[in-house]
Structure formats: structure tokens, C-alpha cells
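An overview of the molecular structure
Below, each chain spelled out in residue letters.
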Amino acid sequence: MGTPVHDEIPWLDSASREEVARVVEALYRVHSLATAVTDIDSLLVRISQEAKDVARAEAASVMLFDENTQELYFRTALGDSGDQDALKREVRLTLSQGIAGATAASRASINVHDAQGDARFYREADAASRFETRNLLAVPMIDHDQLVGVLEVLNKSDGGDFTDFDTRVMEMFGSLAAAEVISARLIEEKVRNERLAAIGQAVTGLSHYIKNIVTGLTSSADLIDMGLDRQNIEVLQRSWPVFRRSTKRIANFVQDMLSLSKPRKPVREACNLEEIIHDAHQTMEELFTQRKVDVVFDCQDVGGPVMLDAQAMHRCMLNLLGNAADAVEKTGGQVRIRVWRPDDEQVVIECEDTGPGVPDEHKREIFDMFFSTKGAKGTGLGLAATHKSIREHGGTIEVLDAPGGGACFRIVLPAPSVSESGQEERHPLLQS
Ligand SMILES: Nc1ncnc2c1ncn2[C@@H]1O[C@H](COP(=O)(O)OP(=O)(O)OP(=O)(O)O)[C@@H](O)[C@H]1O
Ligand SMILES: [Mg+2]
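Residues numbered from 1 in each chain as written. Chains lettered and ligands numbered in written order. Predicted model: local features only at pLDDT ≥ 70, side-chain atom pairs only at ≥ 80, totals over all residues.

In this section: the overall build of the protein. Along its length, the protein carries twelve helices and 13 strands. The C-alpha radius of gyration of the protein comes to 34 Å, more than 25% above the 22 Å expected for a compact globule of 432 residues. (Helix = DSSP H or I, 4+ residues; strand = E, 2+ residues; numbered from the N terminus. Rg over C-alpha atoms; globule rule 2.2 N^0.38 Å.)

Quick look at the structure:
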């Protein structure tokens, strides 16, 4: 036993300086956890471990209080022996069961020297975990008068009993643990609320978008019906493109949603990049003609087929071309596509337009899901899906300012040529 540390706190007198230093260090570590760890389980494991070490116990556990059922359940149980996980699976205590129940009900610490001889002791917990409790110390976890749970340390390692000093120290651990659980719960709740708000916003935006398409579909279908009834070919010719466009928009929307819904490994095969780009352009040609947009191709020889996921690249190009067509819509203008190979391992695709460009403050956000400046005319999924596909290819996509002020999307893809990888397979999209 060392020199007493403090004259006015009697329980502190029994502790040596070394012991106090050890406790302060452990409390400091637990205190700093609050800012470093936000998930409740990791937090409680760390706190239980520190409590077990400081109290020199064989096991430690945290039971949390369930307000709805008014029961305690094991959230963390650490021990040198026994099956601690069984406690989590099998044991729940009411406030009148066990030492933990009594601690929670009285909101006061209980130090039991002979667990087996104590009538309150809940033997089923030992039976479930195949652990033999000799003695235990249970302290309430309370924050601002709110009961959060009970912290227990079991079996003093040196064979003795838990001391008054242990009780006071564990009470500090209990309060810290309670405050940290409450703060972790608040953070979780905030994240959940933010997510819900984002989903609400996204669903509202998507509903408008879908409503727009459905309006286009139903009105053109009505006109087609009318044209068929009256055998009026002119009405049919006018309404059919609107109908086709609406079905394409629905198909695109579904594809973007699907490609964003889970990680996907690119199915690489030998593709002719130029053909993919021309194919995407052809799919959108009607839109470009309608908007009087001139599309210029500047595809240098990329040295034959490259190993890419043709379908994914086709969708990326559709998204970039669709955005470029939207950007130059009011002005009429030009879209230029450039493809080149800076070296044997990479291929670069640029899609540049003469629209208004992307303002600096939006340059990062445009790749986020649901970011759109097009109101009910856009979902904000196109660039997010494109970004994801390119990343899954191991490539990058960025937006630059085109010399004339428009937007220039640059994709850099690792693309070993087919001859190097020895594959000759061709994608069906590219079969003529
Ligand atoms: N070429 C471009 N010029 C200017 N702004 C662009 C261009 N391409 C994208 N943007 C901006 O990025 C936003 C996000 O584009 P994204 O393709 O993800 O969604 P969207 O086009 O709005 O909707 P959709 O999901 O229907 O494609 C657009 O709303 C627009 O503000
Ligand atoms: Mg788009």
C-alpha cells in the first residue's frame, strides 16, 4: 500500500498512487472513446475491457435497460472463461431478478462477496454461460437521472473481494458508459433522421419525374388510339416518337436505379470503344436532331479492341450524351466526343459541350445520388450511376471547364488491350 492520495475522500485513502494513476489513465481512455467511437457495441466492448482490467476481474458485462419491456439484457459480456455470448442470447432480467435487477431497481451499487450464498443471485446466468461466479460488483449506469443499464465485474482475479475503492471507480465507469451510450444513441438517431429526410426528398423528386413520364405515355397512347381509330397516319407519326421517348426514359431510369442498387464487378470483354460510343449516339440521335445539336466525333486509333464492360460503358455514354443534349438545349450547339490512348494501359474519353457548364460549387455534388438541377425533368441518378460504373472499372471521371465555357466530362480508364490479355471475345452489342 502506498502513500494516501487524498485526506478528504476516505475511499481514496486505501489506494496507492500507482493504483490511482492506473484508474485515471483508464478513465481518460474511456472518456476519449466518446469522440473516437460512435457505434454502441464497439464502445461497450472497450469500456467493459477497461473496467475488467482496472477492477482486476475475470469477467465484465454491460446490461442495457429496455424501457419498453422494463427488462435488462446483456449487450456486452467479456470473460477469461465460459461462454459469454450465451448470456446475450439467453438471458433477460426483470428489475426484480438477479443482482443486476436489484442494482437497477435501487439505482445503487451492490458488492456481493459470496454470490452463491446470496438469495438474489440469478443462477441461470451462470448455467447459460458455464461460468462460476464467486463474487461480483454491480453498478448502475445512470445519465441525467435516466437508467441506461448495469455494469458488472465478476470474480476478483487475486481471489479476494471487490473493495470500496473498486466500487467508487466502477461507479465512475458506469456514469461514463451511460453518458457515452446516450450520446451514441443520439448520433444514431440523427443519422437515421437525416437518412429518412433524404429518402423523403428523393422519393418526392422521383415521384414527380415518374409522373411526368407517365403523363407523356398516357397522352401519347391516347393520341395513338385516336390515330388508329381514325386511320390518321399523321397523328400516329406525331405521337409515336413521344411514346417511344417516354418508354426509353423509363428504361433508363430503371437501369440507373439497378446499377446503383448494389456493387457490380464489370464483365470485361473485348470491345470496340468507338462502336459503343456510336451506338449510344444513335440511340439518342432523334433527341440531338430535335434540339439541333451537332455531334462531332474525334476518335483516334485506340489500337483495336479494349477490355471493358460494354453494357456498362454504353450506359455511361448514354448518360453523358443525355446531359450534354440537355445542357445545350436552349442554345443549340455542339457536343464533341474525343477518345484517345495516352499509353498502352489507359484510354481517355471526353464528352464536351457548348452549354453553360457546371458551376464550381456544383462540381463535386453532381456525382451524388439525387443531385439534379432539372426539377421534375431529372432524377439525379445518371452521373451517380456513371461515376459508380467508372470506379468499378478502376477508372476516374471528372468534370472540367471546356474552353468555350461548357462542360467537359473526362473519363480515364485502365484498359489493357485485347492482344495483351489474349482474349478475343466480342460483346453482342458490338456484333454487326
Ligand atoms: N453537361 C452538363 N452541363 C451542365 N450541367 C450538367 C451537365 N451534366 C450534368 N450536369 C449537372 O449535373 C446534374 C446531375 O446530372 P445527372 O445526370 O446525375 O442527373 P440529371 O441529368 O439531373 O437527371 P437524370 O438522372 O435524369 O440524368 C444535372 O442536374 C446538372 O445540373
Ligand atoms: Mg442526366
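Another aspect to go through is the site of ligand 1. The full set close to ligand 1 counts 22 residues, and Asn-323, Ser-372, Gly-378, Gly-382 and Leu-383 are the nearest of them. Secondary-structure elements contributing two or more residues to the shell around ligand 1 are helix H10 (310-327) and helix H11 (382-392). Split by residue class, the shell around ligand 1 holds nine nonpolar, eleven polar and two charged. (Near = placed C-beta within 6 Å. Nonpolar A, V, L, I, M, F, W, Y, C, P; charged D, E, K, R; others polar.)

Here we come to the nonpolar core. By size, the foremost hydrophobic cluster in this structure holds 50 residues, and its most contacted members are Ala-51, Leu-151, Val-153, Met-170, Phe-173 and Ala-177. Here the element with the most residues in this core is helix H7 (residues 164-230); it accounts for eight residues. Beyond its immediate stretch of four places on either side in the chain, Ala-51 contacts Ala-60, Leu-151, Val-153, Met-170 and Phe-173. With 42 residues, the next largest nonpolar core counts Leu-273, Ala-324, Ala-325 and Ile-349 among its residues. (Core = buried A, V, L, I, M, F, W, Y, C linked by C-beta atoms within 7 Å. Buried ≥ 20, exposed ≤ 12 C-beta atoms within 10 Å, placed from the backbone. Contact = placed C-beta atoms within 7 Å.)

Further remarks concern helix H2 (residues 17-36). Taking 1.5 Å per residue, 20 residues should reach 28 Å; H2 reaches 29 Å between its end C-alpha atoms and fits that length. Close packing links the buried residues of H2 with helix H3 (40-54) and H7. (Expected span 1.5 Å × (residues − 1).)

This part takes up the sheet that holds strand E13 (residues 407-414). Spatially, five strands are ordered E8-E10-E11-E13-E12 in an open sheet, and the strand pairing comes out mixed. Each having just a single partner strand, strand E8 (293-299) and strand E12 (396-401) make up the two edges of the open sheet. Each strand axis lies, on average, 15° off the axis of its neighbour in the sheet, ignoring direction. In the sheet, strand E11 (residues 346-353) pairs with E13 via seven bridges, with the strands oriented antiparallel. By the bridge assignment for E13, Glu-352 is matched with Cys-408. Its contacts with the sheet place helix H9 (residues 273-290) against E8, strand E10 (333-340) and E11, and it is angled at close to 175° to E8. (Pairing = 2+ DSSP bridges. Axes fitted to C-alpha atoms, helices over the stretch in contact; angles between N-to-C directions.)

Our next topic: the environment of Ala-177. As for its placement among the helices and strands, Ala-177 is situated in helix H7. Placed 27 residues apart in sequence, Ala-177 and Val-150 show a C-alpha to C-alpha distance of 9.6 Å. In contact with Ala-177, other than residues within four places in its own chain, are Ile-47, Val-62, Met-141 and Leu-151.

Below, the discussion takes up the confidence of the model for the protein. This prediction gives the protein a mean pLDDT of 87; 94% of its residues lie at or above 70. Of the regions scoring below 50 in pLDDT, residues 424-432 engages in 18 contacts with residues more than four places distant in sequence or in other chains. (pLDDT = per-residue confidence, 0-100.)

Attention now goes to the sheet that holds strand E1 (residues 57-66). With antiparallel pairing, the six strands of this open sheet are ordered in space as E3-E2-E1-E6-E5-E4. The open sheet is flanked by strand E3 (92-94) and strand E4 (110-112), the only strands paired with a single partner. Direction aside, the axes of adjacent strands within the sheet are offset by 25° on average. The pairing of E1 with strand E6 (residues 146-156) spans seven bridges and is classified as antiparallel. Bridge pairing in E6 places Ala-60 opposite Val-153. Running over the sheet, H7 touches E1, E4, strand E5 (136-143) and E6 and is turned about 40° from E5.

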